[in-house]
Amino acid sequence: MQSVRAEINLKALVHNFNVVKSKVPNSKIISVVKANAYGHGLIQVSKALKDSDAYAVARIEEALALRSAGITKPIVLLEGFFNKEDVPVLVANNLTVAVHSIELLEQIETASVPSPISAWLKLNTGMHRLGVNPEDAEAFYSRMEHCSNIAKPIGIISHLCCADEPAKDDYTNRQIKIFNDFAAKHPGPTALANSAGIFTWPSSHTDWVRPGIILYGVSPYDDKTGLDLGLKPVMTLKSNIIAIRTVKKGDKVGYGCYYEAPCDTRIGIVAMGYGDGYPRQVPNGTPVLVNNRIVGTAGHVCMDMMFIDLGLDSNDKIGDEVILWGEGLPVEKISAILGTIPYELVIKLTNRVNFIYK
Ligand SMILES: *Cc1c(COP(=O)(O)O)cnc(C)c1O
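Residues numbered from 1 in each chain as written. Predicted model: local features only at pLDDT ≥ 70, side-chain atom pairs only at ≥ 80, totals over all residues. Heavy atoms only, no water.

**Q** So what exactly am I meant to see when it comes to the side chain of His300 here?
**A** Mapped onto the elements of the fold, His300 is located in the loop between strand 15 (293–297) and strand 16 (306–309). Residue His300 is classed as buried on the basis of its relative accessible area of 19%. In contact with His300, not counting residues within four places along its chain, are Tyr255, Tyr258, Arg280 and Phe307. (Helix = DSSP H or I, 4+ residues; strand = E, 2+ residues; numbered from the N terminus. Buried < 20%, exposed > 50% of the residue type's maximum accessible area, 1.4 Å probe, protein only. Contact = heavy atoms within 4.5 Å.)

The structure is reproduced here in structure tokens:
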């Protein structure tokens, strides 16, 4: 028996991809598989998303891993490249880069490459992370156009920073307008929408869309789960109870005596800890699923183990399965308790966790 495991449901992944397709029938899909496919496994996920029109990653190493695995579809490097020596590697591996600064453009201009690089102009429409400001974009575009090391037509790409927050709709509308005004003047392909753009902002559905988190069945919104959006969770994090002990009312549990039993109860010890990527910061009472019912965590999560309060009249046994998040317990519930986003939880599992693809 494998103790700590992340079951990855590839059928659910394909279901979610098809939900995206139904939302954007006129756009091509760039599946965002950066950060090891949001912690789900870069190669397995990318291969399962075989109907994807392209992939996007953050680092050249991720792109090269996809090429080594036999993926031949276009791969977009969302952050461009970091070293001039990478330019020939981009060409040799047919990678597409987001060109977001003059410095990057100069490195492409002065490189010696056997054939042109596929490139998108990254426009800063308001996130102020990467990209060329709108007032500089025409000159930048024309310089790209005159660069014989860059393939034509040049794509245009930007990123929405508040598409998941309905209250900031003015800001998102402004970003979309800046993008569409610039894109309208140029012939190349366009890519703007992320997951929240796909669900909430039809005006951001350009030639290409870039879903990330929704492919994994997780919601980009604070107040909704993936299930609310018709998505299915792809990752289910599981372990087992390895010991059970009865404690008396008032007994303290775990490091720092952080949990005090409110009454006589049975405490289950689960083989799962922050050494596996389960967050140590969870407060007492964070939900865990055992034998189809929710129980609460008790005490600080340890490196290899954690405690759950099963209740005095429970009949759970050693060996019983425990679900930390996924099917039956949305990861969004855990991230909300922690005041973080579910993205951060799913990408953080450590290599001690066994990944099982179904
Ligand atoms: C990560 C990322 C995405 C995907 O975002 P989601 O919110 O996961 O859909 C799209 N575009 C860029 C530039 C990104 O960095």
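From this point, things continue past the structure.
**Q** Looking at this structure, I do not really get empty space enclosed by the protein. What am I missing?
**A** Where empty space is left becomes clear once a probe the size of a water molecule has been rolled over the atoms. Counted according to the given criterion, the structure contains 2 cavities of 30 Å³ or more. Estimated volume of the largest cavity: approximately 100 Å³. Lining the largest cavity are 16 residues, and of these Gly217, Val218, Pro233, Val331 and Glu332 sit closest to its centre. Its residues assigned to classes, the lining of the largest cavity comprises 10 nonpolar, 5 polar and 1 charged. Split by domain, the lining of the largest cavity shows at least three residues from each of two domains, domain 1 (10–218) and domain 2 (235–357). Here the second largest cavity is characterised by a volume of approximately 60 Å³. Taken together, Lys122, Leu123, Asn124, Thr125, Gly126, Met127, His128, Arg129, Leu130, Ser158, His159 and Gln175 make up the lining of the second largest cavity. (1 Å grid on protein atoms, 1.4 Å probe; cavity = no way out; pocket = protein on both sides within 12 Å on 5 of 7 lines; lining within 4 Å. Points joined across faces, edges and corners; volume = space filled by probe spheres on them. Nonpolar A, V, L, I, M, F, W, Y, C, P; charged D, E, K, R; others polar. Domains from an automatic or database assignment.)

**Q** How do you make sense of the layout of surface pockets when you look at a structure like this?
**A** Taken as a whole, the largest pocket encloses approximately 880 Å³ of empty space. Elements supplying a minimum of two residues to the lining of the largest pocket: helix 2 (34–39), helix 9 (195–200), helix 10 (331–338) and helix 11 (342–346). Residue classes in the lining of the largest pocket are distributed as 20 nonpolar, 7 polar and 10 charged. Looking at the lining of the largest pocket, you find at least three residues from each of domain 1 (10–218) and domain 2 (235–357).

**Q** What's the story with the domain arrangement of the chain in this structure? I'm lost.
**A** Its domain assignment divides the chain into domain 1 (10–218) and domain 2 (235–357). With 10 residues of domain 1 in contact, the opposing surface of domain 2 contributes 9 residues. Summed over both partners, the interface of domain 1 with domain 2 buries about 870 Å², with 72% contributed by carbon and sulfur atoms. On the domain 1 side of the interface with domain 2, the three residues burying the most area are His40, Ile213 and Val218, jointly 50% of the side's total. (Buried area = accessible area lost by both parts, 1.4 Å probe.)

**Q** Looking at this structure, how should I read the packing of helix 6 (residues 102–109) against helix 7 (residues 134–145)?
**A** Helix-helix packing: each pair is described by the crossing angle between the helix axes and the interaxial distance. It is at 11 Å that the axes of helix 6 and helix 7 come closest, and there the two elements cross at 10 degrees. If you check the angle between helix 6 and helix 7, you find them roughly parallel. Like other packed secondary-structure pairs, helix 6 and helix 7 cross with a definite hand, here left-handed. Judged by residue contacts, Ile102, Leu105, Glu106 and Glu109 of helix 6 engage Phe140, Arg143 and Met144 from helix 7. (Axes fitted to C-alpha atoms, helices over the stretch in contact; angles between N-to-C directions. Parallel < 35°, antiparallel > 145°, perpendicular 65-115°, else oblique. Left-handed = near helix turned anticlockwise from the far one by under 90°.)

**Q** Looking at this structure, how should I read the site of the ligand?
**A** In the neighbourhood of the ligand, 14 residues make up the surrounding shell, with Lys34, Tyr38, Ser195, Ile213 and Tyr343 lying closest. Measuring from an oxygen atom of the ligand, one finds a side-chain N or O atom of Lys34 at 2.7 Å. Between the ligand and Ile213 there is a distance of 2.8 Å, counted from an oxygen atom to a backbone nitrogen or oxygen. A molecule is said to occupy a pocket when more than half its atoms come within 2 Å of that pocket's grid points, and by this definition the ligand occupies the largest pocket. Grouping the amino acids of the shell around the ligand by side-chain chemistry returns 6 nonpolar, 4 polar and 4 charged. (Near = heavy atom within 4 Å. Polar contact = N/O pair within 3.5 Å; in protein donor to acceptor, adjacent residues only side chain to side chain. Sits in = over half its atoms within 2 Å of the grid points.)

**Q** Hey, could you run me through the packing of aromatic side chains in this one?
**A** Given two aromatic rings, their pairing is described by the distance between the two centres and the angle made by the two planes. In this structure the tally under the stated criterion is 6 aromatic pairs. Relative to Trp208, the ring of Trp120 lies with its centre 6.4 Å away and its plane at 80 degrees, an arrangement referred to as edge-to-face. Of this pair, Trp120 sits in strand 6 (residues 118–122) while Trp208 sits in strand 9 (residues 208–209), placing them 88 residues apart in sequence. Accessibility classification places Trp120 together with Trp208 in one group, the buried group. An angle of 20 degrees between the planes, with centres 6.0 Å apart, marks the rings of Tyr278 and Trp325 as stacked. With a gap of 47 residues between them, Tyr278 in the loop between strand 13 (265–270) and strand 14 (287–290) and Trp325 in strand 17 (residues 321–325) connect regions that are remote in the sequence. One exposure class covers both Tyr278 and Trp325, and it is buried. Grouped by ring-pair contacts, the aromatic residues Tyr38, Tyr216 and Tyr343 constitute a single cluster. The ring of Tyr221 is capped by Lys224, whose NZ or CZ atom sits 4.9 Å from the centre of that ring. (Phe/Tyr/Trp six-rings, centres within 6.5 Å; stacked < 30°, edge-to-face > 60°. Lys NZ or Arg CZ within 6 Å of the ring centre and 35° of its normal.)

**Q** Where do I start with the pattern of salt bridges in this structure?
**A** Charged atoms that come close allow side chains of opposite charge to pair. Summed over all chains, the structure comprises 17 salt bridges. Linking Lys358 and Glu7 is a salt bridge whose minimum nitrogen-to-oxygen distance equals 3.2 Å. Note that Lys358 is positioned in the segment after strand 18 (354–357) and Glu7 in strand 1 (residues 5–8), a separation of 351 residues in sequence. A residue is classified by how much of its surface remains accessible, and Glu7, at 13% relative accessible area, is buried. Close ionic contact of Arg352 with Asp304 constitutes a salt bridge, the shortest N to O distance being 2.8 Å. Residue Arg352 is located in the loop between helix 11 and strand 18, and its partner Asp304 is located in the loop between strand 15 and strand 16; the two are separated by 48 residues in the primary sequence. Here Asp304 falls in the partly exposed class, since its relative accessible area comes to 35%. Linked by salt bridges that have partners in common, Arg5, Glu7, Lys238, Glu321 and Lys358 make up one network. (Salt bridge = Lys/Arg side-chain N within 4 Å of Asp/Glu carboxyl O.)

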